[in-house]
Amino acid sequence: MDTYRPLADEIRPETLDEVVGQGHILGKNGILRRIIESGSIPNMVFYGPSGVGKTTVANLISHRTSRPLHRLNATTASISDIKNIIGDIGTMLAPDGVLLYLDEIQYFNKKQQQSLLEFMENGKITLIASTTENPYFYVYNAILSRATVFEFKPVSAEEILPAIDRGIAILEKRMDKEVQCESGVRESIAGACGGDVRKAINAVELLLKASPCMQGKIRVSLDDARSVAQRSAMRYDRAGDDHYDILSALQKSIRGSDPNAALHYLARLLEAGDLISACRRLLVIASEDVGLAYPQAVPIVKSCIDAANMLGLPEARIPLAEAAVLMATAPKSNSTYLGIGRALADIKAGKTGDYPRHLQNRHADTTGMEREQGYLYPHNYPHHYVKQQYLPDQLKNAAYYEYGENKLEQAAKRYWDEIKGTGR
């Protein structure tokens, strides 16, 4: 009986020209292609989402070197596994060293990663590590300083179509039946896989095995393709880079006054069921990016968030969308965000000083003791303002807040310029 072989494994490219996507590094003049074709393989870290060719390229590299290839997955490997590989170095099994492919390197702790350093340094181990997380956050500097990072990007739907056609052709031959796909099936699979070639090929295999066979032909319907692909385009991991990338994209879209992009990224968060992160980030944006240009945004957004949490998904999408569009189309000011940042910078630098005596909590009322301290009670003066020092002596001339270039803050500036020009 033949051993089952997944289609995604059978269709794996055997040459660089067959790799789907990654033209920026594997194209005709791509730097990674030139390195591989030179035969002189350095230590490398492949960074990118799942199913975009990282393991495939590592396998192709292994065919171009005389060194034995060892594979480890950092989610299950231990120090003893590393020691076993190191033990082969210099023996008849690996006289010239080894090529180590380490998948998901972000799961190796510092000690595990450091155990490789000596052998990377003397060239006995050529490391090809892969990770779905940003290596500059998750891989230790000692490894990164000895390796070159290459970013693998999600594959476009157009680039995935030829791989889908190859997968269908292989299954036609394997099943000895013709496959007929309704119009739009191929495009639906390619568009719904989120740039993950492996996911697309797995969908093809599942569809063809589940589709009815009529008159010797396998007929694949568009409805079935959509059912298989449902929600699969979503790349989202609450503990990983995708989580923070989507939140960042949402905030930058609102900050950039693009309501369409704001709704897109909010929808991605909500489709992933992450109501809490969406609410928290919208509330941050109200103060950080809209700020005093439209201060009513904070209570309005808070009300929308309260309503969303009371309603729950899917209805929560409506008040949250209202909050996102409101802020995307509102005037913007980051004046308070910058102001508190400047103040915190001084505090962290040790610039504090004593409180002015007239500000200290040494009085029980607004009469005699205040006068003894020299405090001037602003409400006793015209326009409820009187000039006096509030900052410590060391910082008495510090300026943290600058009025933003918007209607409301400029109106406040004109008001206080006039009042303070007549103050004592």
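Residues numbered from 1 in each chain as written. Predicted model: local features only at pLDDT ≥ 70, side-chain atom pairs only at ≥ 80, totals over all residues. Heavy atoms only, no water.

### Some remarks on the environment of Ser80
And step 1. Take Ser80: it is sitting in helix H5 (residues 79-88).
And step 2. Along the backbone, Ser80 and Glu288 are 208 residues apart, and their C-alpha atoms lie at a distance of 49 Å.
And step 3. Side chain to side chain, Ser80 and Ser78 meet in a polar contact 2.7 Å long. (Helix = DSSP H or I, 4+ residues; strand = E, 2+ residues; numbered from the N terminus. Polar contact = N/O pair within 3.5 Å; in protein donor to acceptor, adjacent residues only side chain to side chain.)

### So, the nonpolar core
And step 1. Within the largest apolar cluster, 47 residues are counted, with the highest numbers of intra-cluster contacts made by Leu32, Phe46, Ile61 and Ile189.
And step 2. The element that contributes the greatest number of residues to this core is helix H12 (residues 197-210), accounting for 7 residues.
And step 3. Non-local contacts of Leu32, meaning those with residues more than four positions away in its chain, are made with Ile25, Leu26, Met44, Phe46, Val57, Phe150 and Phe152. (Core = buried A, V, L, I, M, F, W, Y, C linked by side-chain atoms within 4.5 Å. Buried < 20%, exposed > 50% of the residue type's maximum accessible area, 1.4 Å probe, protein only. Contact = heavy atoms within 4.5 Å.)

### A look at the sheet that holds strand S7 (residues 213-214)
And step 1. With respect to topology, 3 strands assemble into an open sheet ordered S6-S8-S7, the strand pairing being mixed. Only two strands of the sheet have a single neighbouring strand rather than two, namely strand S6 (178-181) and S7. (Pairing = 2+ DSSP bridges.)

### Thoughts on unusual backbone geometry
And step 1. Residue Pro314 is reached from Leu313 by a cis peptide bond, and omega for that bond is 10°.
And step 2. Relative to the helices and strands, Pro314 resides in the loop between helix H17 (297-311) and helix H18 (317-328).
And step 3. One non-glycine residue, Gln22, adopts positive backbone phi at about 60°.
And step 4. Looking at where Gln22 falls in the secondary structure, it is placed in the loop between helix H1 (7-10) and helix H2 (23-26).
And step 5. In the Ramachandran plot, Ser257 falls in the positive-phi region, its phi being about 60° despite a non-glycine side chain.
And step 6. As for its placement among the helices and strands, Ser257 is situated in the loop between helix H14 (241-255) and helix H15 (259-271).
And step 7. A relative accessible area of 38% means that Ser257 is categorised as partly exposed.

### Thoughts on the confidence of the model for the protein
And step 1. Averaged over every residue, the pLDDT of the protein is 85; residues scoring 70 or more account for 91%.
And step 2. The least confident element of the protein, judged by mean pLDDT, is helix H20 (residues 368-373) at 56; the most confident is H18 at 95. (pLDDT = per-residue confidence, 0-100.)

### A look at the pattern of salt bridges
And step 1. Going through the model one piece at a time under the given rule, you end up with 15 salt bridges.
And step 2. Two residues, Arg33 and Glu37, come together in a salt bridge whose shortest N-O distance is 3.1 Å. With Arg33 and Glu37 both in helix H3 (residues 31-38) and 4 residues apart, the pair spans about one turn of that helix.
And step 3. A salt bridge links Arg186 to Asp165; the shortest N-O distance between them is 2.7 Å. With Arg186 in helix H11 (residues 185-192) and Asp165 in helix H10 (residues 157-175), this residue pair connects regions lying 21 residues apart in the sequence.
And step 4. Shared partners join several salt bridges into a network, and the residues in it are Glu10, Arg174, Glu205 and Lys209. (Salt bridge = Lys/Arg side-chain N within 4 Å of Asp/Glu carboxyl O.)

### Notes on the packing of helix H16 (residues 275-290) against H17
And step 1. Interaxial distance between H16 and H17 falls to 9 Å at its minimum, and their mutual angle equals 175°. By the angle class used here, H16 and H17 are roughly antiparallel. Note on element contacts: H17 touches H16 through Ala297, Val298, Val301, Lys302, Ile305, Ala308 and Asn309, opposite Leu275, Cys279, Leu282, Leu283, Ala286, Ser287 and Val290.
And step 2. Each residue belonging to the contact of H16 with H17 can be placed in one class, and the counts come to 11 nonpolar, 2 polar and 1 charged. (Axes fitted to C-alpha atoms, helices over the stretch in contact; angles between N-to-C directions. Parallel < 35°, antiparallel > 145°, perpendicular 65-115°, else oblique. Nonpolar A, V, L, I, M, F, W, Y, C, P; charged D, E, K, R; others polar.)

### Things to note about the environment of Glu10
And step 1. Locating Glu10 in the fold gives a position in helix H1.
And step 2. Take Glu10: its relative accessible area is 30%, and that puts it in the partly exposed class.
And step 3. The sequence separation of Glu10 and Ile218 amounts to 208 residues, and the corresponding C-alpha distance is 20 Å.

### Here's the deal with a nonpolar patch on the surface
And step 1. Together, Tyr136, Phe137 and Tyr138 make up a nonpolar patch on the protein surface, roughly 390 Å² of accessible area in all.
And step 2. Position of Tyr136 among the secondary structure elements: in helix H8 (residues 135-138).
And step 3. Accessibility expressed as a relative area gives 57% for Tyr136, which makes it exposed. (Patch = residues over 30% accessible without salt bridge, like charges linked within 9 Å, V, L, I, M, F, W, Y side chains within 5 Å. Areas by Shrake-Rupley, 256 points an atom, 1.4 Å probe, with all protein chains shown as cover.)

### Comments concerning the sheet that holds strand S2 (residues 69-73)
And step 1. In spatial order, the strands read S2-S3-S4-S1-S5; together these 5 strands make up an open sheet with parallel pairing. Whereas interior strands pair on both sides, the edge strands pair on one side only; in this sheet they are S2 and strand S5 (148-151). Each adjacent strand pair in this sheet contributes to an overall mean axis angle of 20°, direction not counted.
And step 2. Note: strand S3 (residues 98-103) against strand S4 (residues 125-131), 5 bridges, orientation parallel. By the bridge assignment for S4, Leu100 is matched with Leu127.

### Quick notes on the pairing of strand S8 (residues 217-220)
And step 1. Alternating residues of S8 divide into Ile218 and Val220, all buried, and Lys217 and Arg219, none buried.
And step 2. Where S6 and S8 come together, 4 bridges link them in parallel fashion. Bridge pairing in S8 links Val179 to Ile218.
And step 3. Counted along the chain from S7 to the antiparallel partner S8, the turn is 2 residues long, and its residue Gln215 has a positive phi close to 55°.

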